[in-house]
Amino acid sequence: MMSSTRAYNLSVSIAVAILCLIAGARNAAAFNYADALDKAVLFFEAQRSGKLPPGQRVRWRADSALSDGSASNVDLVGGYYDAGDNVKFGLPMAFTVTMLSWSVLEFVTDAPPSTSRGDAEAAVRWGADYLLKAATATPGALWVQVADAGRDHACWERPEDMDTPRAAYKVTPQSPGSDVAGETAAALAAASLVFRARDPAYSSRLLAAARRVFDFADRYRGSYSDSLGSVVSDFYRSYSGYDDELLWAAAWLHLASSPSPSSNGVYMSYIHTSGPNLGGEQDDYTVSWDDKRVATKVLLSKVFLQHKVDGLSTYKSHADHYICSLVPGAGAGQGQYTPGGLLFKDGDSNMQYVTSTTFLLLAYAKYLGSSGGAASCGSGAVAPAALVSIAKKQVDYILGANPSGMSYMVGFGARYPQRVHHRGASMPSVRDHPGRIGCDDGFQYLHSSEPDRNVLVGAVVGGPDYSDAYSDSRDNYAQAEPSTYTNAPLVGALAFFAGARSHK
């Protein structure tokens, strides 16, 4: 056991390390988080597939992919293009809807009145509507992708022009996909909570579909990349397996189905009995569209901290381990930061990890604060305020408080990326150039050094490398490509800081 003096010294060293990490942010100019939030939500309108609604604000986009699913005699029109291409990938789209729903549930309601909760809810509904179609179009199956990504990536086309094959792919009992089905169930359940009070009938439909998809995922176990092969394995293979999605979905279904989070219903019983075999007792240090183990622990920690549910204390312990890994000086397995203070996980679209991690820091800080708790880091403790400070450093870095003085959110601030790896943004809009631009003809825009023809407002790009360097080149997809699953958790983080500032 560590002496009280050593424990005090550890706590002091942790505090000093946190102060060093956030020192650069204190002197930075204050950001308009509400404006950044509005822009982050607006990005989802640029990613819409299908028949655009009358209130569409991104005017350079037009209708696209209006026949999706027709070759298979199903309606799969709608949903989101995940990033800079024209494919509808079910796994990252579902994760986007889950995280966007969590963002709305935890933080968007506390944002200032000038920020439209309605726009954020509309973004959730656009994705949830599509997932509901995918889950109910064919009994006993789940549609998980539209378009052959290899064929799509061989062209550089506006979504309004695309003529590459739009084949649709599904998982079935014979060709299972517990990973994508589990995430879809989580998304539908989380979205049902968003609309529970405002649209009870719609919420009930989402929840009923979520239950059926979860039963399908749990009953017919297997990975969708094994079932569908290279169609998905070259792009969104779930390397973490499907156990994490099953436990993640069960957690969301418990919250959406039970009269109270403290109830011991069927999904809580599932968590108690199956959780240890689904990664519930394992430490993990990454959260992404692929890996939900840490996110599940933080979510279940909420139930433990706020409702004192027996048997969930282990999730709080593992959540602490993860959170402490992000706090300099707090323990082993620490997160890596760039010299400028950005969390760094991977050189390929690193910002996706930054935004998801930042959201979890803030959510966990909220849960700890509501119960008067702290994160236990060895013999020291880290208070919720310290987690908020670390999260703020990440958000401020994205918005421009970084060595380059560049905002990594397009359209925010005076200096931001001009050459985003995004087909629609890089090319003239249909409004400005009504004539079709073919598959090969589009590559002149990909390789051009000219700024984007259309400003992809609110998009957060992949971000700088481990030395804080960023190459503003459209060919540099690892740094220049945005994604819906990068923005979704950032919506929650921005709403938190917009709300905090408005209440000062």
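Structure shown above.
## Let's talk about the pattern of salt bridges
Part 1 of the reasoning: Under the criterion given, the structure shown has 28 salt bridges.
Part 2 of the reasoning: We note a salt bridge from Lys88 to Asp68, for which the minimum N-O separation is 2.8 Å. On the criterion of sequence distance, the pair formed by Lys88 in strand 1 (residues 88–89) and Asp68 in the loop between helix 2 (33–46) and strand 1 is long-range, its members being 20 residues apart.
Part 3 of the reasoning: Residue Lys88 is classed as buried on the basis of its relative accessible area of 1%.
Part 4 of the reasoning: Arg419 serves as the salt-bridge partner of Asp472, at 3.1 Å between the closest nitrogen and oxygen. Residue Asp472 is located in the loop between helix 17 (443–446) and helix 18 (477–480), and its partner Arg419 is located in the loop between helix 15 (384–399) and helix 16 (423–426); the two are separated by 53 residues in the primary sequence.
Part 5 of the reasoning: Look at the salt bridges and you will find they share partners, linking Glu45, Arg48, Arg57 and Asp119 into a network.

## A few points about the sheet that holds strand 1
The pairing of strands in a sheet happens through backbone hydrogen bonds and is either parallel or antiparallel.
Part 1 of the reasoning: Taken in spatial order, the 3 strands make up an open sheet running 1-2-3, and their pairing is antiparallel. Every other strand in the sheet has two partners, leaving strand 1 and strand 3 (168–171) as the edge strands with one partner each.
Part 2 of the reasoning: Pairing of strand 2 (residues 142–146) with strand 3 involves 4 bridges; the strand directions are antiparallel. Within strand 3, the residue paired with Leu142 across the bridge is Val171.

## Side note on helix 13 (residues 313–325)
Part 1 of the reasoning: The first and last C-alpha atoms of helix 13 sit 19 Å apart over 13 residues, in line with the 18 Å expected at 1.5 Å per residue.
Part 2 of the reasoning: Inspection of helix 13 places Tyr315, Lys316, His318, Ala319, Asp320, Tyr322, Ile323, Cys324 and Ser325 among the buried residues, and these make up the whole buried set.

## Examining the packing of helix 3 (residues 90–106) against helix 6 (residues 178–194)
The packing of two helices is summarised by the inter-axis angle and the distance between the axes.
Part 1 of the reasoning: One way to put it is that helix 3 packs onto helix 6 with a least axis distance of 8 Å and a crossing angle of 25 degrees. Here helix 6 runs roughly parallel to helix 3, going by the angle between their axes. Considering only the axes of helix 3 and helix 6, their crossing is left-handed. Contacts between helix 3 and helix 6 involve Gly90, Leu91, Ala94, Phe95, Val97, Thr98, Ser101, Val104 and Leu105 from the first element and Asp179, Val180, Glu183, Thr184, Ala186, Ala187, Ala190, Ala191, Leu193 and Val194 from the second.

## Comments concerning empty space enclosed by the protein
Part 1 of the reasoning: By the definition in use, this model includes 6 cavities of 30 Å³ or more.
Part 2 of the reasoning: Size it by volume and the largest cavity reaches roughly 60 Å³.
Part 3 of the reasoning: Every residue along the wall of the largest cavity is listed here: Ala46, Gln47, Arg61, Tyr81, Ala83, Gly84, Asp85, Asn86, Pro159, His422, Arg423 and Gly424.
Part 4 of the reasoning: Class assignment for the residues of the lining of the largest cavity results in 4 nonpolar, 5 polar and 3 charged.

## Regarding the packing of aromatic side chains
Describing an aromatic ring pair means giving the distance of the ring centres and the angle of the ring planes.
Part 1 of the reasoning: Taken as a whole, this structure holds 23 aromatic pairs when the rule is applied.
Part 2 of the reasoning: Summarising the aromatic geometry, the rings of Phe31 and Phe412 are spaced 6.3 Å apart at their centres and angled 50 degrees between planes, so their arrangement reads as tilted. One end of the pair, Phe31, is in the loop between helix 1 (4–26) and helix 2; the other, Phe412, is in the loop between helix 15 and helix 16, and 381 residues separate them in sequence.
Part 3 of the reasoning: Residue Phe31 is classed as buried on the basis of its relative accessible area, which comes to 13%.
Part 4 of the reasoning: Between Trp102 and Phe359, the ring centres sit 4.9 Å apart and the planes meet at 65 degrees, which makes this aromatic pair edge-to-face. Of the two residues, Trp102 is situated in helix 3 and Phe359 in helix 14 (residues 351–371); the sequence distance between them amounts to 257 residues.
Part 5 of the reasoning: On the accessibility criterion, Phe359 (0% relative accessible area) is buried.
Part 6 of the reasoning: Over the ring of Trp126 we find Arg48; its NZ or CZ atom is 4.6 Å from the centre of that ring.

## Focus: the state of the cysteines
Part 1 of the reasoning: A full pass over the atoms with the stated rule returns 2 disulfides.
Part 2 of the reasoning: Between the sulfur of Cys155 and that of Cys439 lies a disulfide, 2.0 Å long from S to S. Here Cys155 and Cys439 share a disulfide; its torsion about the S-S bond, -90 degrees, makes the bridge left-handed. Here Cys155, found in the loop between helix 5 (149–153) and strand 3, pairs with Cys439, found in the loop between helix 16 and helix 17; they are 284 residues apart in sequence, far enough to count as distant.

Scoring rules and cut-offs
Residues numbered from 1 in each chain as written. Predicted model: local features only at pLDDT ≥ 70, side-chain atom pairs only at ≥ 80, totals over all residues. Heavy atoms only, no water. Salt bridge = Lys/Arg side-chain N within 4 Å of Asp/Glu carboxyl O. Helix = DSSP H or I, 4+ residues; strand = E, 2+ residues; numbered from the N terminus. Buried < 20%, exposed > 50% of the residue type's maximum accessible area, 1.4 Å probe, protein only. Pairing = 2+ DSSP bridges. Expected span 1.5 Å × (residues − 1). Axes fitted to C-alpha atoms, helices over the stretch in contact; angles between N-to-C directions. Parallel < 35°, antiparallel > 145°, perpendicular 65-115°, else oblique. Left-handed = near helix turned anticlockwise from the far one by under 90°. Contact = heavy atoms within 4.5 Å. 1 Å grid on protein atoms, 1.4 Å probe; cavity = no way out; pocket = protein on both sides within 12 Å on 5 of 7 lines; lining within 4 Å. Points joined across faces, edges and corners; volume = space filled by probe spheres on them. Nonpolar A, V, L, I, M, F, W, Y, C, P; charged D, E, K, R; others polar. Phe/Tyr/Trp six-rings, centres within 6.5 Å; stacked < 30°, edge-to-face > 60°. Lys NZ or Arg CZ within 6 Å of the ring centre and 35° of its normal. Disulfide = S-S within 2.5 Å.

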